[in-house]
Amino acid sequence: MSGEHEWVDEEAGPVVRPYAVARGRTRPTSSNALDLLATVAGTGLPVPAKAELSAQHRRLLTVVAGQTRPVAEVASDLGLPVGVVRVLLGDLLDHGLVTVRPPRDKAATPTESLLREVINGLRAL
């Protein structure tokens, strides 16, 4: 097996546990806070020779190449838990391969009541 197929079994789901993808780490090495609503973009820089990137690191770089996306959306697209994506992003940030912008200020974020209305509207579909 190779590539994406070695990570997922159609009937069983993910074959490799999330902590194995993150090499047993639960927190990113980078000091930058990788908030759920922080936005991430690829820098387009070449991967340094000293960087030991896994297949998941490379998939993540592909997802953020040429665009800015929230951490939560990246995790969803990769089908990985947000905690694992934060660890992987921290690695990429350490190598200068991604940039992270903190979320907008509290005044610009949606209120809890608005989020509940959105969820209720989605459920009604």
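Caption draft 1: Summary view of the pairing of strand E5 (residues 98-101). The two faces of E5 differ: Val98 and Val100 on one face are buried, but Thr99 and Arg101 on the other face are not. With four bridges joining them, strand E3 (residues 39-42) and E5 adopt antiparallel strand pairing. The residue of E5 that forms the bridge with Ala41 is Thr99.

Caption draft 2: Local environment of the pairing of E3. Where E3 and strand E4 (residues 68-70) come together, three bridges link them in antiparallel fashion. For Val40, the partnering residue across the bridge sits in E4 and is Arg69.

Caption draft 3: Layout of the nonpolar core. Membership of the largest hydrophobic core comes to 23 residues, with the highest contact counts inside it found for Leu60, Val85, Leu89 and Val98. For this core, the secondary-structure elements that each account for two or more residues are helix H2 (55-64), helix H3 (71-78), helix H4 (82-94) and E5. Broken down by element, the residue count for this core peaks at six residues, all from H4. The contact partners of Val85, leaving out residues within four places of it in the chain, are Leu60, Val71, Val74, Ala75, Leu78 and Leu80.

Caption draft 4: How the structure looks around the environment of Val100. On the secondary structure map, Val100 appears in strand E5. Overall, Val100 belongs to the buried group, its relative accessible area being 16%. On a C-alpha basis, the gap between Val100 and Pro70 in space is 9.2 Å, while along the polypeptide they are 30 residues apart.

Caption draft 5: Examining the pattern of salt bridges more closely. Applying the stated criterion across every chain, the model contains three salt bridges. Its salt-bridge partner being Glu73, residue Arg69 comes within 2.8 Å of it at the nearest N-O pair. Residue class for Glu73 comes out partly exposed when judged on its relative accessible area of 37%. Accessibility expressed as a relative area gives 9% for Arg69, which makes it buried. Overlapping salt bridges, with partners in common, bring together Arg69, Glu73 and Asp77 in one network.

The rules we used
All residue numbers refer to positions counted from 1 along the written sequence of the respective chain. pLDDT decides what is reported in this predicted model: residues at 70 or higher carry local features, side-chain atom pairs at 80 or more are listed and counted, and totals for whole chains, interfaces and linings draw on all residues regardless. The basis for the side-chain values is all heavy atoms of the structure; hydrogens and waters are excluded. Relative accessibility under 20% of the residue-type maximum defines a buried residue, over 50% an exposed one, and the middle range a partly exposed one, all with a 1.4 Å probe and only protein chains included. Secondary structure elements follow DSSP: runs of H or I of four or more residues count as helices, runs of E of two or more count as strands, with numbering from the N terminus. Strands qualify as paired when DSSP identifies two bridges or more between them. Here the nonpolar core consists of buried residues drawn from Ala, Val, Leu, Ile, Met, Phe, Trp, Tyr and Cys, with membership extended through side-chain atoms lying within 4.5 Å. The criterion used for residue contact is that any of the two residues' heavy atoms lie within 4.5 Å. In the sections that follow, a salt bridge refers to a side-chain nitrogen of Lys or Arg positioned within 4 Å of a carboxyl oxygen of Asp or Glu.

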